[in-house]
Amino acid sequence: MSIGYQDALKAADNQIIFRETVKGVALKHRLKVVFLPKVAGSVVGNACHVHASLWKDGVNILNDGPKGRNLSETANSFIAGILKHIKALMAFTAPTIQSYNRIKPGVWCGAFATWGWHNRETALRMIENIIGHSPTHFEYRTCDVTSNPYLVLGAMIIAGMDGIKNNLRLPEPIQVDPLLLTEEEREARGIKLLPKSLTETLSYLREDQVLMEALGPKLSQAYLALKDYENSITQNLSLEEFSKQYDLKF
């Protein structure tokens, strides 16, 4: 299911409204909707992919040409900033132990810290239009509904702006499933797996000066304390136990 695009704050509002509306309608019909990233090991997980574009003076500036894969310089730097910070960003976009039951290689969830055109196995996917200006938006794939959309979008913007500030550039796009490459081939192309646990990604956040400074001392301390506590009381739960206890909380 897709929600129409809006500016960042309104998009976050709409995500919450959508979730609560779906749950309310389901409850009216004596049904239960579960948005957890993984409900059972035998089924595909639930994601909450973020589709984003860059605008200036009412114009989409993601592309730099009428056709083809013409990513603008600004967009290149913005997305490169997200890629640089992505392991720390996952503390916001994949903030529960259940998130890491979904983020696995080979299941279209973007488990590798890289980007590509139309590649659903990369964390960042550039979406090319068949006609007209292209691209008009990109997709951040390692996000689920256990996240706070306000923190997610805010952190993505901070990471992207850091890319623009430092004139970062994306590496060459990956146009194959990285899982099909040998370990040596992935190493040569700089392709790394994303964090495999909440413990790991929280450590990346603690070391990320840009995101920590953007949060400020009070919010960063509170957020990390909360996630550390949640991690400590849930990390030994099985997938089924977590789902049973928290299926109505997200």
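Before reading further, recall that the structure is shown in the block above.
These numbers were taken from a predicted model, which means no experiment stands behind them. (Residues numbered from 1 in each chain as written. Predicted model: local features only at pLDDT ≥ 70, side-chain atom pairs only at ≥ 80, totals over all residues. Heavy atoms only, no water.)

1. Considerations on the packing of helix α6 (residues 198-207) against helix α7 (residues 209-234)
Put simply, α6 and α7 touch, their axes get as near as 9 Å, and they point 155 degrees apart. By the criterion of interaxial angle, the relationship of α6 to α7 is roughly antiparallel. Both α6 and α7 take part in a crossing whose hand is left-handed. Note on element contacts: α7 touches α6 through Gln 209, Leu 211, Met 212, Tyr 223, Leu 224, Lys 227, Asp 228 and Asn 231, opposite Leu 198, Thr 199, Leu 202, Leu 205, Arg 206 and Glu 207. (Axes fitted to C-alpha atoms, helices over the stretch in contact; angles between N-to-C directions. Helix = DSSP H or I, 4+ residues; strand = E, 2+ residues; numbered from the N terminus. Parallel < 35°, antiparallel > 145°, perpendicular 65-115°, else oblique. Left-handed = near helix turned anticlockwise from the far one by under 90°. Contact = heavy atoms within 4.5 Å.)

2. Digging into the environment of Asn 148
When you line up the elements, Asn 148 lands in the loop between β6 (137-140) and α4 (149-165). Residue Asn 148 is classed as partly exposed on the basis of its relative accessible area, which comes to 35%. The sequence separation of Asn 148 and Pro 171 amounts to 23 residues, and the corresponding C-alpha distance is 29 Å. Of the polar contacts made by the side chain of Asn 148, one reaches the backbone nitrogen of Tyr 150; its length is 2.9 Å. (Buried < 20%, exposed > 50% of the residue type's maximum accessible area, 1.4 Å probe, protein only. Polar contact = N/O pair within 3.5 Å; in protein donor to acceptor, adjacent residues only side chain to side chain.)

3. Here we look at the nonpolar core
Of all hydrophobic cores here, the largest spans 46 residues; its most connected members are Ile 82, Tyr 140 and Leu 205. Elements represented by at least two residues in this core include exactly α2 (73-93), β4 (112-117), β5 (122-127), β6, α4, α6 and α7. Element by element, the count of residues in this core is highest for α2, at twelve residues. Non-local contacts of Tyr 140, meaning those with residues more than four positions away in its chain, are made with His 49, Val 50, Ile 82, Ile 86, Leu 89, Met 90, Thr 93, Ala 123, Leu 124 and Met 156. (Core = buried A, V, L, I, M, F, W, Y, C linked by side-chain atoms within 4.5 Å.)

Note that all results are geometric; they support no functional claim without further evidence.
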